[in-house]
Amino acid sequence: MSGYVSGWYDYPNGDVCLAFWKDGERCIERIPFEWYFYLTNDEFEKVRGSVYFRQLVERVKEVDGGKHVRIFSSSRRDDRREFIEFLREDGCEPLEADVSPLMRYMTDVGRSIEFEENLKILFYDLETDPRPGFENLERQRILSVAFNGIDRKTKCIDADSDDDRGEGDLLEQFLEVVEQHDLLVAWNGEKFDDVVLKARCKRIGLNPDWRMINFLDFMQLFKHPYFGYGRDAENKGVKVSYALGNIAQNLLGKKKVEGVPGHMMHKMWRTNRKLVRKYNKVDVDLMVELEDVYGYIDALKILSHMSNRFVSQWVLKVGYLNDAFILRYGSEHGIRFPTKMRAFYEDHNKSVDKFQGAYVMEPVEGMHDEVFCLDFASLYPNVIRSFNISPETKIGHRENAPGFCEAFHCEASNGVVFDMTEEGVFPAIVAMTMERRAKYKKLAAELKDAGKERTVDFRRARQRSDANKLSGNGAYGCLGSPWLRYYDRDCAEAVTLTSQEITRDVIISLAESTGIQVLYSDTDSVYLRCSMKQAEEFVELAADAIDEFVRSRGGIPGFIRLEIDDEYVRVIYLAKKRYVGLKKSGVIDVKGLEYIRTDGCRIERKLQEEIIDYVLHAQKPAAQKAERIAEDWRDRIYDKEVDVEDLTIAKSVSRHPKTYKSANVHVRVAQSLIDRGREFYVGMKIPYVVTGKKDDKLDAVHADDFDGEFDVDYYWQKKVWPPAERVLEAVFPNHDWKQLGRARNDSQCSLFG
DNA sequence: CCCCTGAGGAAATTCG
DNA sequence: CGAATTTCCTCA
């Protein structure tokens, strides 16, 4: 029996449609399904007599042991919106009314449908005529398409002519291929290929049923913090660009292939079609190879199926992922959640009140030897479990919730009281994901020990472990997001403030009273200046102190535990969230510094790296030696012994350049790209080199237009030296570093020459 | 068919 | 000109 590959709702017929393959043919299973939302029984009684209600409702059904009523009505989006508005005017909160018919079905009926393991994946890449510009993608004619699908062969179709006939032939041929697949994967497809493909088909008069196909923007997987390639430490600092060629260069060790620039595509297509085909195919091959090596689509499949959803990049959104779990859990336990605020109100843009987050201690600035890092494993999820924090277990603030009873209630650090008699939805979901994660983590470790690290089983076990970690960690964030249905400021702050109290008033206080110096603490970690023996003893003491605290507030002890994370030979703290340490293992751990940031330039990172390397490893670092390292780099800059890659700074343009209040230099460079009709997307990283100042603002050229001229003083004084200086200031607080920060003047230099 | 959070440093730009 | 605001990216 083959599994389902895609699903959608056929509105006119009122059917859930699930597609699967049989004997090489795509089949559709139709399941009649009426859409509904919920009301509590009380609210139903309040509105059932009203005129609008009787007009809009089709039928009702009591469920959840009389707690809720299912309201069946038109599933048309506008009708749904109208119904919700009427109800809200009457002070009623419709429950889960934003849940679409397909999701409703997958939540209540097809709670664990069988998904097809072997999805037919088609990687593809379009080349278009760029002349209408990037603001008019739908008018860019498709000149060539390269693809690699079930036959695993990379092919290319190109247009014979740049008119409707040529493009129409191309699309007809390509759609025949598309129809043999379930998932279309393109690099940046969300903003380019998928958009253009759909728009051009429509324009030419081809109307395939896109609902059968799922789309995936491959780039999104590589950008994602858990799946993405920033996840691995060795890839930090190279995230300068998410261009496919650059990713492949870094991850697959490929030689950089200079493709045909987008703005030259039409000309190239006319004069050298063979070359267009070649480069177009290269990109598809790279995607195929990346998936072979990294298996991110495999991981995404696991995440999707875990939450009972078809494969799509939406499960990367923590809100979507948790929604799937929570709706299903609620459905099984008779708990229904509010309608998502934003779902029907696009213009809703009011500012929401922020709540307090984590505690970050001011570090003891400078260099320290023999340091232990202790941390809580999954602090927030465990606080949620210990205090049964969940929207439906919340009783209210202590002052508004009289009758606090130690036997049945607990109180979080923000004074909010929770019912302890029944496990809440959030604690239950968090517990589930933590248990599953532990299970798969153990399995992965066993497989690794058995030498099966390269098997499919191992990869799956690790992916399942990661997927559960992602979901569990996101639970707290969901409580704090006003856009989501279970938003509850009190719950979110209960988590953060209780964690603050545990870290600051239980752990840090305990260390201080034990005579151990606390150097730094951020959220769920503490850095202690102590010996191994002291650290081990402290962990024991901490467990008792935490349990005592939790018990005193009426919570469940035993979940929150402090562990030894790592031992450092030496740590240097510069500021909150900025430090660097040398682990006993020899690994250097850099946090927050320019060295690992992606928005600086290479010489900036290089100098800081050399300085860090020196001061961490030298028994007793000497200022003079550090000075020499810095002088060497200063000379290289002033003597222009640097190339474009040393100088290129790349920053993201997070929205359209026209909408900035304060347009930094990279935004101005982006605008110039737009003005010249070059490729530009919101979210793109713009590489540039600073050339000087103009109107009191930085002036720069796009890295591609670099001609050897750059602002030497800017690079040394503003860009490269300050990050190094901050490290040196921390290590040598009494040394005067001012002289090095000055511009090198050539007459002074000649004295040494 | 989708917004996970707040805390925080540093630099560029704009404001008063 | 210094203060305030905006922006980006990181830590947790």
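Cut-offs applied
Residues numbered from 1 in each chain as written. Chains lettered and ligands numbered in written order. Predicted model: local features only at pLDDT ≥ 70, side-chain atom pairs only at ≥ 80, totals over all residues. Heavy atoms only, no water. Near = heavy atom within 4 Å. Polar contact = N/O pair within 3.5 Å; in protein donor to acceptor, adjacent residues only side chain to side chain. Helix = DSSP H or I, 4+ residues; strand = E, 2+ residues; numbered from the N terminus. Nonpolar A, V, L, I, M, F, W, Y, C, P; charged D, E, K, R; others polar. Buried < 20%, exposed > 50% of the residue type's maximum accessible area, 1.4 Å probe, protein only. Salt bridge = Lys/Arg side-chain N within 4 Å of Asp/Glu carboxyl O. Pairing = 2+ DSSP bridges. Axes fitted to C-alpha atoms, helices over the stretch in contact; angles between N-to-C directions. Expected span 1.5 Å × (residues − 1). Contact = heavy atoms within 4.5 Å.

Draft legend 1. A look at the protein's contact with DNA strand C. Around DNA strand C lies a shell of 22 residues, among which Asp524, Tyr579, Gly592, Arg655 and Tyr660 are the nearest. Take Tyr579: an N or O atom from its side chain is 2.6 Å from a phosphate oxygen of DNA strand C. At 2.7 Å, a backbone N or O of Gly592 approaches a phosphate oxygen of DNA strand C. Among the secondary structure elements, those contributing two or more residues to the surface near DNA strand C are β20 (588-591) and β21 (649-652). Residue classes in the surface near DNA strand C are distributed as four nonpolar, seven polar and eleven charged.

Draft legend 2. Geometry of helix α4 (residues 101-108). Most of α4 is tucked away, with eight of its eight residues classed as buried. Within α4, burial applies to Pro101, Leu102, Met103, Arg104, Tyr105, Met106, Thr107 and Asp108.

Draft legend 3. Quick look at the pattern of salt bridges. Counted by the stated rule, this structure contains 53 salt bridges. Linking Glu117 and Arg460 is a salt bridge whose minimum nitrogen-to-oxygen distance equals 3.8 Å. Here Glu117, found in the loop between α4 and β7 (121-128), pairs with Arg460, found in helix α15 (residues 456-479); they are 343 residues apart in sequence, far enough to count as distant. For Glu117, a relative accessible area of 40% corresponds to the partly exposed category.

Draft legend 4. Local environment of the sheet that holds strand β8 (residues 142-148). Strand order in this open sheet of five strands is β9-β8-β7-β10-β11, and the pairing throughout is mixed. Pairing within the sheet leaves two strands with one partner each, and these edge strands are β9 (154-158) and β11 (214-217). Neighbouring strand axes in the sheet, compared pairwise and without regard to direction, differ in orientation by 25° on average. Looking at chain direction, β7 and β8 are connected through six bridges and run antiparallel. Directly across from Thr128, in β8, lies its bridge partner Ile142.

Draft legend 5. Just the sheet that holds strand β22 (residues 685-694), in detail. Within the open sheet, the three strands sit side by side as β21-β22-β23. Their pairing is antiparallel. One side of each edge strand has no neighbouring strand; the edge strands of this open sheet are β21 and β23 (697-702). Adjacent strand axes in the sheet meet at a mean angle of 55°, parallel and antiparallel pairs treated alike. In this structure, β22 lies alongside β23, joined through six bridges in antiparallel fashion. In the strand pairing of β23, Tyr688 is matched with His702.

Draft legend 6. Structural view of helix α10 (residues 273-294). In this model, α10 (22 residues) spans 32 Å end to end at C-alpha, consistent with the 32 Å of a helix rising 1.5 Å per residue. Looking one or two residues beyond α10, the residue adopting positive phi is Gly295, at roughly 60°.

Draft legend 7. Structural detail: the environment of Val416. Inspection of the secondary structure assignment puts Val416 in strand β15 (residues 416-419). Once you skip the residues sitting within four places of it in the chain, Val416 turns out to touch Lys394, Gly396, His397, Cys410, Glu411 and Asp490.

Note that every value here comes from positions in space, so none of it alone points to a role or purpose.
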